[in-house]
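Each chain, written out:
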Amino acid sequence: MLQQGGRPDSITFSALITAYQRGNQWREALQAFSHMPSSSCHPDSVVYNALLEVCWSSGVLHMQMRATQIWSLANRSGHFRCVHRGSAWVNACSLILSC
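Residues numbered from 1 in each chain as written. Predicted model: local features only at pLDDT ≥ 70, side-chain atom pairs only at ≥ 80, totals over all residues. Heavy atoms only, no water.

### Notes on the packing of helix α1 (residues 10-22) against helix α2 (residues 26-34)
Any two packed helices are characterised by the angle at which their axes cross and by the distance between the axes. Relative to each other, α1 and α2 sit at 165°, their axes nearing to 8 Å. The angle between α1 and α2 places the two elements in the roughly antiparallel class. Read as a crossing pair, α1 and α2 show a hand that is left-handed. Touching Phe 13, Leu 16, Ile 17 and Tyr 20 of α1 are Glu 28, Ala 29, Ala 32 and Phe 33, all from α2. When its residues are assigned to classes, the contact of α1 with α2 shows seven nonpolar, no polar and one charged. (Axes fitted to C-alpha atoms, helices over the stretch in contact; angles between N-to-C directions. Helix = DSSP H or I, 4+ residues; strand = E, 2+ residues; numbered from the N terminus. Parallel < 35°, antiparallel > 145°, perpendicular 65-115°, else oblique. Left-handed = near helix turned anticlockwise from the far one by under 90°. Contact = heavy atoms within 4.5 Å. Nonpolar A, V, L, I, M, F, W, Y, C, P; charged D, E, K, R; others polar.)

### Some details on unusual backbone geometry
The backbone of Asn 24 sits at a positive phi, close to 55°, despite the residue not being glycine. Turning to its location among the elements, Asn 24 is positioned in the loop between α1 and α2. A residue is classified by how much of its surface remains accessible, and Asn 24, at 52% relative accessible area, is exposed. Notably, Ser 40 is not glycine yet its phi reads approximately 55°, a positive angle. Secondary-structure assignment places Ser 40 in the loop between α2 and α3 (45-57). (Buried < 20%, exposed > 50% of the residue type's maximum accessible area, 1.4 Å probe, protein only.)

### Examining the packing of aromatic side chains
Counted by the stated rule, this structure contains one aromatic pair. Seen in terms of ring centroids, Phe 33 and Tyr 48 are 6.3 Å apart; in terms of plane orientation they differ by 55°. Their pairing is tilted. Residue Phe 33 is found in helix α2, and its partner Tyr 48 is found in helix α3; the two are separated by 15 residues along the sequence. Residue Phe 33 shares its accessibility class with Tyr 48, and that shared class is buried. (Phe/Tyr/Trp six-rings, centres within 6.5 Å; stacked < 30°, edge-to-face > 60°.)

In structure tokens form, the structure reads like this:
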């Protein structure tokens, strides 16, 4: 894409992160997310949602804890609606962050 002069946008990153999640490649998903600023791309609620799913479905405890940090960042960035797991997820994140 870059070689042909294209620029990735939030849709590109969302698709990439989701593909990594489906392949259980959470490290690569986080790496893709970390490249967003250098691509002058800002995460939107779809990207945050995909990233939360990566962290939560990884089955790795520290990644699930990382999900609470991402949820907090999404919330501060005005992307609260990205939280898709319902009030139980919100309550769990709030509880963990308040400790």
